[in-house]
Amino acid sequence: MTEVQRRASRKTGPSILDVARFAGVSAQTVSRVSTGSAAVRPETRDRVLVAMEKLGYAPNRAARALRNGSFRTIGVITQRLERTGETLTAAAVMEALEAADYTANLIQAHNPSSGDLRRAAKRLIDQSVDGLIVIRAGLATLDTLGLPQDIPVVVSDSLLVTSYPSVIPDQVSGTRDAVNHLLELGHKTVHHISGSSDSHPSIARSAAWRRTLEEAGVQAPDQWEGDWTPQSGYLIGREVAENPEVTAVFCANDEMAFGLMRALHEQGKRVPEDVSVVGFDNIALSEFSAPPLTTVSQDFAEIGRRLVELVLDWLDPDPNRTRTQIVIPTKLLVRGTTAPPRAD
């Protein structure tokens, strides 16, 4: 071990001077390599990079931000990571940020309308971020968000599309396709298990379900309110099984559909012979249920990627830029849980 390496090992980390000595260059040259400056000869750059790797040197992000005006860090806010859709979107955001050489600071705001979101944003901004991605914000509005005006913000929540650039799945089209599929099979009506009342996607899907039935000349029955979990689908499913009038159910997500199907099975009801079931999301398990679940597929990975593209694009200020709303298409996947109603 050289003297420079011994000194570096005794400290919390090697300094820029240690790297300069090891590579035989000036500290200024090391700094230029760290910031990606083109004013360094390729052979010198390679020598400095080798020294950085051998010593385990990482440029100080705060100092680099002061020089470049960027922390290369994006704050990510979501509501409840235990919800599958939010987890899948957050994972895609993290992967896309990593590919772009950005760091993500992730935080949850369980009840955005109560001020949780405002506090979460402040914590992230205090940690120095270049922009914010809000994956879920419940029923928060621009007034309750309280986000700063001088930082790029993009959202995946259609309640906020008039206020911020956004990336959202086509909730209306996906719901319409699901309900029409069941009506076209011959079901007289379609019952609905919604998601939680503090979720805008839940509200959007419920409204689209009701409107699609009305457009078909069918009066919408009372809906059941779930909370996105399989347990809520299961508990509601026990009620569904006792109602012989129910022949088709559209669930606001796949997990509630799984709970519903288990309850129906336990009560001696067959899917799809007695009750047809459609979910929403197309999570990985949906094609492996028995029978495979008919569902509306939304591309969480694409939503995450486009959110990152959008926030990074907005880091470059353009006075002529207009707010952007990106709508990601959905697709109905017909599998084994839907069929024409049983003839009496």
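Please read these numbers as outputs of a predicted model, since none were measured by experiment. Here, residues in each chain are numbered from 1, in the same order as that chain's written sequence. Note on the predicted model: pLDDT of at least 70 is required for a residue's local features to be given, and 80 or more for side-chain atom pairs to be given and counted; whole-chain, interface and lining totals, by contrast, use all residues. To obtain the side-chain values, all non-hydrogen atoms of the structure were used and water was disregarded.

Undergrad: What exactly am I supposed to notice about unusual backbone geometry here?
TA: With the exception of glycine, the majority of residues adopt a negative phi angle, and the majority of peptide bonds are in the trans configuration. Of note, the amide linkage connecting V271 to P272 takes the cis form, showing an omega dihedral of 10°. With respect to the helices and strands, the residue P272 is situated in the loop between α12 (254-266) and β9 (276-281). For the peptide bond that leads from A290 to P291, omega is 0°, which places it in the cis range. Per the convention used, a helix needs a DSSP run of H or I reaching at least four residues, while a strand needs a run of E reaching at least two, with both numbered from the N terminus. When you line up the elements, P291 lands in the loop between β9 and β10 (294-298). Although it is not a glycine, D281 sits at a positive phi angle of roughly 130°. Using a 1.4 Å probe on the protein chains alone, a residue whose accessible area is under 20% of its type maximum counts as buried, one over 50% counts as exposed, and one in between counts as partly exposed. Of the residues examined, D281 reaches a relative accessible area of 7% and is grouped as buried. With a phi close to 60°, N282 is a non-glycine residue in the positive phi region.

Undergrad: Got a minute to help me understand the packing of helix α6 (residues 84-99) against helix α13 (residues 300-314) in this structure?
TA: Two quantities define a packed helix pair, namely the angle between the axes and the distance from one axis to the other. Helix axes are fitted to C-alpha atoms over the stretch in contact, other axes to C-alpha atoms as well, and angles between N-to-C directions run from 0 to 180 degrees. One way to put it is that α6 packs onto α13 with a least axis distance of 7 Å and a crossing angle of 45°. By the criterion of interaxial angle, the relationship of α6 to α13 is oblique. You can see that α6 and α13 cross each other, and the crossing is right-handed. Residues G85, L88, T89, A92, V93, A96 and L97 of α6 form the contact with α13, whose participating residues are F300, A301, I303, G304, R305, L307 and V308. Polar here means any residue other than Ala, Val, Leu, Ile, Met, Phe, Trp, Tyr, Cys and Pro, which are nonpolar, and Asp, Glu, Lys and Arg, which are charged; Gly is therefore polar. In the contact of α6 with α13, the residues fall into ten nonpolar, three polar and one charged. Throughout this description, any angle smaller than 35 degrees is read as roughly parallel, any larger than 145 degrees as roughly antiparallel, any in the 65 to 115 degree range as roughly perpendicular, and the remainder as oblique. Note on convention: the crossing is left-handed when the near helix lies turned anticlockwise from the far helix by less than a right angle, right-handed when the turn is clockwise. The contact rule is simple, with two residues in contact once any of their heavy atoms fall within 4.5 Å.

Undergrad: Can you help me understand the nonpolar core in this one?
TA: The nonpolar side chains of soluble globular proteins are, as a tendency, buried together. In terms of nonpolar packing, the biggest core is built from 21 residues, with I193, V240, V249, C251, L260, L264 and V277 touching the most fellow members. Elements with a contribution of two residues or more to this core: α11 (230-241), β8 (248-251) and α12. A total of six residues in this core trace back to one element, the largest contributor, which is α12. Among residues more than four places away in sequence, those in contact with L260 are I193, G233, Y234, G237, V240, V249, C251 and V277. Working definition of a nonpolar core: buried Ala, Val, Leu, Ile, Met, Phe, Trp, Tyr and Cys residues. They are joined through side-chain atoms within 4.5 Å.

On their own, these measurements won't tell you what the molecule is for.
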